[in-house]
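Next come the chains, spelled out residue by residue.
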Amino acid sequence: MDGRLSPDEFGLLKSLNRPEKIQAFLDNEVRYNPETTCRSPRRVIRDRAAHCAEGAFFAAAALDANGLPPLIIDLEAIRDDDHLLAVFRQQGRWGAVAKSNYAGLRFREPVYRTLRELVMSYYEHYFNTAGEKTLRTFSRPVNLHRFDRLQWMTTEEDVWEICEYLCTIPHTRVLTPAIERRRRNVDARLFAAGHVGAV
């Protein structure tokens, strides 16, 4: 196939015309993908599987189909995986769509005045299997149209180049060095809640 979405693919993305619809599709129609892949939105639609990066790319494509820029930010952690968000603005406030195996790392309503506010809403819910709170930095928003030459929406190849790029750009710290040195663990109840529905 060429680099264009098919009418059915575009129709599906166009039907997800509100961020909460995109999130509902990722939550209810797309299983969590534990594999080391980096699927394009076309492959997510076909395979109905995605991890956080693949879900963010799919969400960005759906936002783009509905007239919003396909913006991604990278949340960077220590002793843990990074997490990608598809971010959007409504009435001057930021929100996010995300795929995650952790219940607290998904959708955010567009109520946050700044990206930092949005990112910090993930802090308490971002923990590793040892219960350590791990979020440390976040990137600026990246418009995925910069990767149109890769045909990122439709390629059958893994789009690792996007993830690699996100690892190279500057990130902003969310904690001071003094606070970073203090190990903080999530409490048992939130740890359990975060795993509801995990696979």
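A. Examining the overall build of the protein more closely. Helix and strand counts for the protein stand at eight helices and nine strands. Taking 199 residues into account, the globule formula puts the C-alpha radius of gyration at 16 Å, and the protein, at 16 Å, falls close to it. The principal-axis extent of the C-alpha atoms belonging to the protein is close to 50 × 30 × 30 Å. Classification of the 199 residues of the protein by burial places 50% in the buried group. Of the contacts formed within the protein by residues at least 6 apart in sequence, a portion of 59% connects residues at least 24 apart. Carbon and sulfur atoms form 50% of the exposed surface of the protein, whose accessible area is close to 9800 Å². Positive and negative side-chain charges in the protein, numbering 29 and 27 respectively, have mean positions lying 7 Å apart.

B. Focus on the packing of helix 2 (residues 19-29) against helix 4 (residues 52-65). Remark: helix 2 packs on helix 4, axes separated minimally by 10 Å, with the N-to-C direction vectors making an angle of 145°. Taken as a pair, helix 2 and helix 4 cross one another with a handedness that is right-handed. Across the interface between the two elements, Pro-19, Ile-22, Phe-25 and Leu-26 of helix 2 pack against Gly-55, Phe-58, Ala-59, Ala-62 and Leu-63 of helix 4. Grouping the amino acids of the contact of helix 2 with helix 4 by side-chain chemistry returns eight nonpolar, one polar and no charged.

C. Here's a closer look at the layout of surface pockets. Estimates place the volume of the largest pocket at around 660 Å³. Its residues assigned to classes, the lining of the largest pocket shows 13 nonpolar, nine polar and six charged.

D. The pattern of salt bridges, seen in detail. If you walk through the whole model with that rule in mind, you get 14 salt bridges. Here Arg-18 makes a salt bridge to Glu-20, at a shortest N to O gap of 3.0 Å. Its relative accessible area of 40% is what places Arg-18 among the partly exposed residues. Owing to a relative accessible area of 37%, Glu-20 belongs among the partly exposed residues under this scheme.

E. Inspection of unusual backbone geometry at higher detail. Unusually for a residue other than glycine, Arg-48 sits at a positive phi of about 55°. Note on placement: Arg-48 falls in the loop between helix 3 (41-47) and strand 2 (49-50). Even without being a glycine, Gln-151 presents a positive backbone phi close to 50°. Positionally, Gln-151 belongs in the loop between strand 8 (142-143) and helix 6 (160-168).

F. Seen up close, the packing of helix 1 (residues 7-15) against helix 4. For the pair helix 1 and helix 4, interaxial distance at closest approach is 8 Å and the crossing angle is 85°. It follows that helix 1 is roughly perpendicular to helix 4 by the angle criterion. In contact with Phe-10, Leu-13 and Lys-14 of helix 1, helix 4 contributes Phe-58, Ala-61, Ala-62 and Ala-65. When the residues that make up the contact of helix 1 with helix 4 are grouped by side-chain class, the tally is six nonpolar, no polar and one charged.

How each quantity is defined
Here the residue numbering is sequential within each chain, running from 1 through the sequence in written order. Under the rules for a predicted model, residues below a pLDDT of 70 receive no local features and side-chain atom pairs below 80 are neither given nor counted, while totals for whole chains, interfaces and linings still include all residues. Side-chain measures here rest on the full set of heavy atoms in the structure, leaving out hydrogens and waters. Helix and strand assignments come from DSSP, with helices taken as H or I runs of at least 4 residues and strands as E runs of at least 2, each series counted from the N terminus. When we talk radius of gyration, it's over C-alpha atoms, and the globule rule is simply 2.2 Å times the number of residues to the 0.38. Classification of residues uses two cut-offs on accessible area relative to the type maximum, computed with a 1.4 Å probe and protein chains only: under 20% is buried, over 50% is exposed, and between them is partly exposed. Note on contacts: a residue pair qualifies if any of its non-hydrogen atoms lie within 4.5 Å across the two residues. Each accessible area is a Shrake-Rupley result for a 1.4 Å probe, and residues are judged covered by the shown protein chains and nothing else. Just so you know, the count uses Lys and Arg for positive and Asp and Glu for negative, and it drops His and the chain ends. Here the site of a charge means NZ on Lys, CZ on Arg, CG on Asp, or CD on Glu. Only the stretch in contact is used when fitting a helix axis, every axis being a line fitted to C-alpha atoms; angles between N-to-C directions are given from 0 to 180 degrees. Less than a right angle of anticlockwise turn of the near helix away from the far helix marks a crossing as left-handed, whereas a clockwise turn marks it as right-handed. Residues are grouped as follows: Ala, Val, Leu, Ile, Met, Phe, Trp, Tyr, Cys and Pro are nonpolar; Asp, Glu, Lys and Arg are charged; all remaining types, including Gly, are polar. For cavity detection a 1 Å grid was placed over the protein atoms alone, and a set of points counts as a cavity when a 1.4 Å probe fits there but cannot get out; an open set counts as a pocket when protein lies on both sides within 12 Å along at least five of seven lines, with lining residues being those that have an atom within 4 Å of a point. Grid points are joined across faces, edges and corners, and a volume is the space filled by probe spheres set on the points. Should a side-chain nitrogen of Lys or Arg be within 4 Å of a carboxyl oxygen of Asp or Glu, the pair is scored as a salt bridge. Should an angle fall under 35 degrees it is called roughly parallel, over 145 degrees roughly antiparallel, and 65 to 115 degrees roughly perpendicular, with every other angle called oblique.

So, to be careful, I would describe these as geometric facts and stop short of saying anything about function.
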